[in-house]
Amino acid sequence: MRVLVVSAPLVGHVFPLVPLAVALRDAGHDVLVATGGGAMAAAGAGLAVHDVAPGFDFGRIALRVLPRHPLIARAELAGTAGTRGAGLLFGALNDQLTDPVVTLATGWRPDLVVYLSTIG
């Protein structure tokens, strides 16, 4: 079975998926991790990794998104935004990842796609 494991391009998002990906690989499945940025470190676990976020910069996303939502940005800085700020940021991030992941999946044709959402 071909398994595409998709993660936000952040180490803290890919690492919870690494044990599952390694177990699937060790069970004989063909596993590919789609991520970027610091999360490319998943390759250190012996996993095949594809960069779907070349040049990823989370700060650039924040500078584009948060000024359009000043009340949420202020609440985020005060630590009172809950998941509102993160939802906006990761929504924008996922918008950037969608086309590269769909292109990869169309070409690689996985039987299963695993994605871990950490918001909400």
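Preceding block: the structure.
As a convention, each chain's residues are numbered from 1 in the sequence order in which they are written. For this predicted model, a pLDDT threshold of at least 70 governs which residues receive local features, and a threshold of 80 or more governs which side-chain atom pairs are given and counted, while totals over whole chains, interfaces and linings are taken from all residues. Side-chain numbers here rest on the full set of heavy atoms in the structure, without hydrogens or water.

> I'm lost on unusual backbone geometry in this one. Help?
Glycine aside, negative phi is the norm for most residues, and most peptide bonds take the trans geometry. Residue arginine 109 is not a glycine yet carries a positive backbone phi of 60°. Only protein chains enter the accessibility calculation, which uses a 1.4 Å probe; a residue is then buried when its area is under 20% of its type maximum, exposed when over 50%, and partly exposed in between. In this structure arginine 109 comes out as exposed when scored by relative accessible area, which is 63%.

> How should I be thinking about the side chain of serine 7 in this particular structure?
Only DSSP runs of H or I with at least four residues qualify as helices, and only runs of E with at least two residues qualify as strands; both kinds are numbered from the N terminus onward. Assignment of secondary structure puts serine 7 in the loop between β1 (2–6) and α1 (11–14). What makes serine 7 buried here is its relative accessible area of 1%. Serine 7 has contacts with His13, Val14, Leu17, Ala34, Thr35, Leu97 and Tyr115, leaving out every residue within four places of it along the chain. Any pair of residues with heavy atoms lying within 4.5 Å of one another is described as a contacting pair.

> Mind showing me how you'd approach the environment of alanine 41 here?
Relative to the helices and strands, alanine 41 is located in the loop between β2 (30–35) and β3 (48–51). Measuring from C-alpha to C-alpha, the distance between alanine 41 and valine 11 comes to 7.3 Å, with 30 residues separating the pair along the chain.

> What is the right way to look at the side chain of threonine 35 in this model?
Its place among the elements puts threonine 35 in strand β2. Threonine 35 sits in the buried class, given a relative accessible area of 0%. For threonine 35, the side chain forms a polar contact with the main-chain oxygen of serine 7, separated by 3.2 Å. Those residues in contact with threonine 35 that sit more than four places away from it in its chain are Ser7, Ala8, Pro9, Met40, Val49, His50, Asp51, Val52 and Ala53. Whenever a nitrogen or oxygen atom comes within 3.5 Å of another N or O atom, the pair is scored as a polar contact, on the condition that within protein one atom can donate a hydrogen and the other can accept it, and that pairs from neighbouring residues in sequence are kept only if both atoms are in side chains.

That's the geometry; what it means functionally is another story.
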